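Coordinate analysis (summary)
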Amino acid sequence: MECRVPVNSTRTRDLGLVPATRPRSDRDEGTDFLVNDTDRARKRQRISIDHSLRPPTMRLTDSDHNSLSASPDFSALAGPSTDHTNGHSNGFTSKSATNGTGNGVLPKNGKAIARVSLPGTTLYDDTPVDREEYVRLVIQSLRDVGYIESAATLEAESGYIMEEAEVADFRQCILDGLWAKAEAALIRLGVSEDDGLWDAKFLISQQKYLELLEAKKTTSALHVLRYELAPLNVDSDQLHTLSSFLMCSESEDLRQRAGWDGAAGSSRRQLLNNLQRHIPSSIMIPQRRIATLLSQAHAHQQQYCLYHNTPSDSISFSLYTDHNCDKSAFPQVTTTILQVHSDEVWNLEWSHDGLQLATASKDKTAIIWRLSYDAELRTQWEPHLILKDHPYSVGCLAWSKDDSMLLSSTENLIKLWNAKTGVCTKTLDVHRETVTALAWLPDGTGFISGGLDRNIVLWDIEGNIRDKWGETGIRITDLAITPDFSCLVTVGMQHLPFGIINEGITGREVQSGDAAAAGAAAARASENRMVIYDLTTKQIESSIRLEGELTSVKISQDSRFALINHAPDEIHLWDLDTGRLSRKYTGQRQGRHVIRSCFGGYDGNFVVSGSEDSNVYIWHRDTGALLEVLAGHGEGSVNSVAWNPTNHRMFASCSDDHTIRIWETPPEPVIEESSGLPRPTFTENGNSANGKGKTRQ
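Note that this is a predicted model, so its numbers are computed, not measured.

Next up on the list: the overall build of the protein. Summing up its helical and strand segments, the protein has 18 helices and 30 strands in all. Every one of the 697 residues in the protein was classed for burial, and the buried ones make up 51%. Restricting to contacts in the protein with at least 6 residues of sequence separation, those with at least 24 account for 55%. Of the roughly 31,700 Å² of accessible surface on the protein, 49% is carried by carbon and sulfur atoms.

In C-alpha cells form, the structure reads like this:
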C-alpha cells in the first residue's frame, strides 16, 4: 500500500517526517528495539467501513425538518470551520452545536420555515456549480462570520446541512486532545486506506507523542513511539528523527528542534488542516472555504492584470467588479534625460534605497547620479560623483547592501569606490581577462566576480580574496546570486580551445557589445550554457545547454526565475525549481551587442529589456504579452535597463546615444487625455553642460 502525504504539510515538513510505508524486511535494523515480536507478527487488516454514515447528499430528513420548532442556542459556535481566536489557541471555549441536524428555527413571527424545493442540481441552468456544494459553503461562511441564526435558517429552507454531527465530534476531539476518540471518529467518518487512513493516524500519533514529550511524560511518549508510530511502518529516518526528540531536556528545545509550537499554540489546529487532506472534502469542508476561493480569485485577477503595479495589500478588493489596473499608472513616458557621458552608456544600477543611480560608459567613467524631490514632489537629478580613475571603458557596476560602496569593472580590473566621497579605495587585479559580472552577497559580507577567464572569485568587503572556485567550464558573460542565498547562476559560452579563441573573441569586444561579429565563427564551435552552483558547496546543481549567445541574467525576488537575454532576439524565463524553460519574450532586437534586461514592478511581474533598434520593450511576465515599445533614445542600441527598487513607477534605460532616460508614469495632463482634454506638447530644457539632466516639464 502506498501512503500519500502532501508535501506542503507544515508539521511533516518541519519535522522531516512524511509517512512512508514499506515492507518490514526493508526497515532499518536500528529501529528493531521499537517493535516487539507480537508487533512483528501483527498484520494490517483492512477496516470495514460503515458507509451508512455517508449519505449521498447532506440533506435534512423529513423528520428533521418537521421538528423545526425550537430556536437553537445561538450563543454557541455552531459547527465552525474556524474559531474566533484566529488560530492562537487550541480548542473552543464553547461547545459546538450539531450543525442543524436536530435543531430548527422558529422565526419571531412564530411560523415554521418551509423547505424550498428547486428543480435540478446546479446553482443556475447555465453553470456547472453544484447547488448543494454552494449552499453548504454559504452556511459555513455565515457561521464563520457569526450569522448563526441565518445559517440555521438556510439549512432549514434548503434542506442541506453543513456537516454531519460526527464531523463536529471529530474536530472537537482533535482540538481537545482526545486522541483515541479522534482515531475512532476517523473510522466513523468513513476514511479508508485509499483516503489515507494510515497517514492520518500517523499525524495524530505524532501530535500525541510530541505533546507527551512536552509534558515531560517520557515513558508514555516512548510507549506511543513503540506501539503506535513504529507499527505504521514509518521510514526509519523519520522514526530516528522522532526518537531523537527523547533527548530534549527542555520543552523549548523540543519545540525548536521539531518546528512545532506546542499544545498551547496552534499545533492542533494545524493538525486539523493537515488531516483535512485525508478526509473527503464532501464530508469535512475545508476551513473558511469561501474565503479561500475569493483569495484565489483575487490572486488570479492580479496575476493576469496586465498593468498591475501596486502592492497587493494596498488594493481595496471589491467583489462587485473584476480587478483591473489603469494603464495610466504605468511608467511609460520620459520625465528626465541625463546627459553628461561623452560616449556610449553600457550599464546602470540603482542603489538599494532607490535614490542613486550609477551608470557605466565607454568614456572610461562611471557616474553616480543623485535623485531628490522638491517641495511639490517633482524629481531633481544631479551628477553627484564622476568616477574617472578607470584606464579602460567601464562595464559592470554593483552597489553594496548599505549603498556605501560601489564596485566597477574595467577590463580585467575591479575597483572599489567610496560612494559617499568618490574615492577609489582599492583596485583588484586577479582576473586574467575581462570581468563581465559583479554581484554582492545578499548579506552584504562580500561579493563575487566572474570573467571571460572562466574564474569565479569570492571577495570580502575589504577586497580580500575569501575563496576561488577554480576555472569553470564556461567563459562567464554574466552571473547572479539568488536572493535566498542558495545558488549562483552563471551564463556563458563553453571554454574554447586556444586556437578558436584567437579567431576573434576579445574581452573588450564582449564588454563593448561587439563580440558577436568577431566571434561568429567561434560560436559555431562552442556551446552556450546556464550553469547553476550551490553557493555553499560550490558544486554544480545543473548545467543546461542553450542555443545562441547569452549576455545577461537576472533573478526574481522569490529566487524562482532566471531571466536570460538570448541572442538572437529572445529573452528566456527559466524556472529554477523545475529546470525548465517557462516562457520566451520576443520582439526586441539583439544580435551584435550585449543587451541587458530586468524584472520590474512591485511583484516583479514585468520584463523590461533594451534593444538594438533604439527602443525599450516591456512584457507582462506571466502571459508574455508585449505591453509597451517605448521610443525616445537616439540612434544605436539601448544597452541596459533597471527598475527602481523603491519607486516601482520609475525605471531607467541607457543607450549608445550617450544618455540615460528616466521613465515614469504620465503627469496629470496625460492621464486626463482619456477624458477628452488635449494632450500637452512637452519641451526639453536644461543645460547639460552644468551636469543637470534634461527634464520634461
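We now examine the pattern of salt bridges. A full pass over the atoms with the stated rule returns 19 salt bridges. Across the salt bridge formed by Arg 255 and Glu 252, the nearest N and O atoms sit 3.1 Å from each other. Here the residue Arg 255 and the residue Glu 252 both occupy positions in helix H11 (residues 251-258), the gap between them amounting to 3 residues, near one helical turn. The exposure class assigned to Arg 255 is partly exposed, which follows from its relative accessible area of 22%. Given the relative accessible area of 48%, Glu 252 is considered partly exposed. Its salt-bridge partner being Arg 454, residue Glu 471 comes within 2.2 Å of it at the nearest N-O pair. Here Arg 454 lies in the loop between strand E11 (446-451) and strand E12 (455-460) and Glu 471 lies in strand E13 (residues 465-471), a separation of 17 residues in the sequence.

With that out of the way, let us pick up the sheet that holds strand E23 (residues 606-609). The strand order E22-E23-E24-E25 describes an open sheet built from 4 strands, whose pairing is antiparallel. Edge positions in the sheet fall to strand E22 (597-600) and strand E25 (626-630), since each has one partner strand and no second. Each strand of the sheet is rotated relative to its neighbour by a mean of 20 degrees, with strand direction disregarded. Direction of pairing for strand E24 (residues 616-620) relative to E25: antiparallel, over a ladder of 4 bridges. Among the inter-strand pairings, Trp 619 is bridged to a residue of E25, identified as Leu 626.

Here we come to the pairing of strand E20 (residues 570-575). Burial of E20 is extensive: 5 of the 6 residues sit out of reach of the surface. Pairing of strand E19 (residues 561-567) with E20 involves 6 bridges; the strand directions are antiparallel. Across the sheet, residue Phe 561 finds its bridge partner in E20, namely Asp 575. Both E20 and strand E21 (residues 580-586) contribute to a ladder of 6 bridges, which runs antiparallel.

Moving on: the packing of helix H6 (residues 165-176) against helix H12 (residues 267-276). Each pair of packed helices can be summarised by the angle the axes make with each other and by the distance between the axes. H12 packs onto H6 with a crossing angle of 140 degrees between their chain directions and a minimal axis gap of 8 Å. Relative to H12, H6 is oriented oblique. At the point where H6 passes H12, the crossing takes the right-handed sense. Two secondary-structure elements touch here, H6 through Phe 170, Arg 171, Ile 174, Leu 175 and Asp 176 and H12 through Arg 268, Arg 269, Leu 271, Leu 272 and Leu 275. Each residue belonging to the contact of H6 with H12 can be placed in one class, and the counts come to 6 nonpolar, no polar and 4 charged.

Next up on the list: unusual backbone geometry. What you tend to see is this: most non-glycine residues have negative phi, and most peptide bonds are trans. For the bond running from Ala 567 to Pro 568, omega is 10 degrees, close enough to zero to count as cis. Take Pro 568: it is sitting in the loop between E19 and E20. The backbone phi angle of Asp 403 is positive, close to 65 degrees, even though this residue is not glycine. Among the secondary structure elements, Asp 403 is positioned in the loop between strand E6 (397-399) and strand E7 (405-410). The phi torsion at Glu 411 lies on the positive side, around 55 degrees, for a residue other than glycine. For Glu 411, a relative accessible area of 14% gives the class buried.

So, on to the nonpolar core. Counting 41 residues, the largest nonpolar core has Phe 170, Ile 174, Leu 186, Tyr 209, Phe 245, Leu 275 and Ile 279 as its most contacted members. Among the secondary structure elements, those contributing two or more residues to this core are H6, helix H7 (179-188), helix H8 (197-214), helix H9 (218-229), helix H10 (236-244), H11 and H12. Considering each element in turn, this core owes the most residues, 10 residues, to H8.

Now for H8. Given a rise of 1.5 Å per residue, 18 residues ought to cover 26 Å, and the 26 Å separating the end C-alpha atoms of H8 matches this to within 8%. Burial runs high along H8: 17 of the 18 residues are buried. Backbone geometry just downstream of H8 places Lys 216 in the positive-phi region, at approximately 65 degrees.

Quick notes on the rules
- Residues numbered from 1 in each chain as written.
- Predicted model: local features only at pLDDT ≥ 70, side-chain atom pairs only at ≥ 80, totals over all residues.
- Heavy atoms only, no water.
- Helix = DSSP H or I, 4+ residues; strand = E, 2+ residues; numbered from the N terminus.
- Buried < 20%, exposed > 50% of the residue type's maximum accessible area, 1.4 Å probe, protein only.
- Contact = heavy atoms within 4.5 Å.
- Areas by Shrake-Rupley, 256 points an atom, 1.4 Å probe, with all protein chains shown as cover.
- Salt bridge = Lys/Arg side-chain N within 4 Å of Asp/Glu carboxyl O.
- Pairing = 2+ DSSP bridges.
- Axes fitted to C-alpha atoms, helices over the stretch in contact; angles between N-to-C directions.
- Parallel < 35°, antiparallel > 145°, perpendicular 65-115°, else oblique.
- Left-handed = near helix turned anticlockwise from the far one by under 90°.
- Nonpolar A, V, L, I, M, F, W, Y, C, P; charged D, E, K, R; others polar.
- Core = buried A, V, L, I, M, F, W, Y, C linked by side-chain atoms within 4.5 Å.
- Expected span 1.5 Å × (residues − 1).

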